[in-house]
Amino acid sequence: MSGTETLRNDHRQIRRLEKIVVRCYTKLNEGIDIPFSDIDMIVSIMSEFLDAIHYAREEDQYFPCVASYDSLKQEIRVFMIEHEFGRRIASNISKYLQKWKSGENQQEPVARFLKAYSVYLDDHLTKEDKFFDAAENQVLSQDEEKMMYEEFRAVTAVATKLEDMIKSLDYLESTPWMKN
Ligand SMILES: [Fe+2]
Ligand SMILES: [Fe+2]
């Protein structure tokens with residue numbers, strides 16, 4: 001395993017979330033009830049996995065390592081801006097969900113921001129996957145790949161959070177609104 005392969009695996013899990021988000025806003029737009037607890041779970045995967053783990057791996061380790069070769073800097077700058085954009089959409093989903101839970105009907109903005117999030121994810125992940133190929137083939141050494149992999153693994157709190165996230169994705173994929 002390498003640093004790049006770890007991030008590709010993260011992306012595979014994030015693609016599962018993307019499908020769930022698409023189904024979720026589509027069902028909301030059709031007027032189908034989705035339990036608040038399920039939408040809460042989607043929002044916590046955004047903050048606890050994407051933000052706290054995956055973006056952190058990219059922003060704190062992977063991107064600086066690639067940029068230290070003075071390469072792909074423009075791409076990295078764009079990805080950092082997109083992460084901020086993703087965080088802002090996620091915080092809007094959370095804000096309108098809170099209002100909705102307290103009694104105001106906020107189905108429309110919640111569905112709208114979920115849709116925006118899925119569009120962001122598809123675009124961002126597609127571009128980053130290409131970037132990973134370039135970084136892996138042209139920039140990073142085997143030693144650096146191995147070192148980053150070890151660094152990612154060394155954070156034990158992350159392992160528990162990853163397991164929880166996979167359980168949450170398994171659960172969400174099994175809900176009636178995902179299956180029908
Ligand atoms: Fe990213
Ligand atoms: Fe990523």
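Residues numbered from 1 in each chain as written. Chains lettered and ligands numbered in written order. Predicted model: local features only at pLDDT ≥ 70, side-chain atom pairs only at ≥ 80, totals over all residues. Heavy atoms only, no water.

**Student:** Please clarify how the environment of leucine 169 should be interpreted in this entry.
**Tutor:** Residue placement: leucine 169 occurs in helix H6 (residues 156-173). Looking at leucine 169, the relative accessible area reads 0%, which means it is buried. Taking the C-alpha atoms as reference points, leucine 169 and serine 47, 122 residues apart in sequence, are found 14 Å from one another. Excluding its chain neighbours within four sequence positions, the residues that come into contact with leucine 169 are Gln13, Arg16, Leu17, Ile20 and Ile45. (Helix = DSSP H or I, 4+ residues; strand = E, 2+ residues; numbered from the N terminus. Buried < 20%, exposed > 50% of the residue type's maximum accessible area, 1.4 Å probe, protein only. Contact = heavy atoms within 4.5 Å.)

**Student:** Would you explain the coordination of the iron ion (ligand 2) in this entry?
**Tutor:** Tetrahedral metal sites with four donors have an ideal angle of 109.5 degrees; octahedral sites with six donors have ideal angles of 90 or 180 degrees. Within the protein, the iron ion (ligand 2) binds to His11 (NE2), His54 (NE2), Glu58 (OE) and Glu128 (OE); these donor distances fall in the range 2.0 to 2.2 Å. Note that the iron ion (ligand 2) binds 4 donor atoms; their angles at the metal cover 83 to 174°, and the shape is irregular. Each donor residue of the iron ion (ligand 2) belongs to the same chain, and together they define the spacing H-x42-H-x3-E-x69-E. Taken as a pair, the iron ion (ligand 2) and the iron ion (ligand 1) show a spacing of 3.1 Å, with glutamate 58 coordinating each metal. Taken together, the residues histidine 11 in helix H1 (residues 3-29) and glutamate 58 in helix H2 (residues 36-67) connect sequence positions 47 residues apart. There is no split in this pair, since histidine 11 and glutamate 58 are both buried. (Donors = N, O, S within 2.8 Å, 3.2 Å for Na, K, Ca; no water. Tetrahedral: all angles 85-135°; square planar, octahedral: opposite > 155°, others 65-115°.)

**Student:** Would you explain the pattern of salt bridges in this entry?
**Tutor:** Pairing is possible between side chains that carry opposite charge, provided their charged atoms lie close to one another. Taken as a whole and judged by the stated rule, the model has 17 salt bridges. Between aspartate 40 and lysine 101 there is a salt bridge, with its nearest N and O atoms 2.6 Å apart. Of this pair, aspartate 40 sits in helix H2 while lysine 101 sits in helix H3 (residues 73-101), and the two are 61 residues apart along the sequence. Linked through salt bridges whose partners overlap, the residues forming this network are Glu5, Arg8, Arg12, Asp133 and Glu136. (Salt bridge = Lys/Arg side-chain N within 4 Å of Asp/Glu carboxyl O.)

Function cannot be inferred from these measures alone, as they are strictly geometric.
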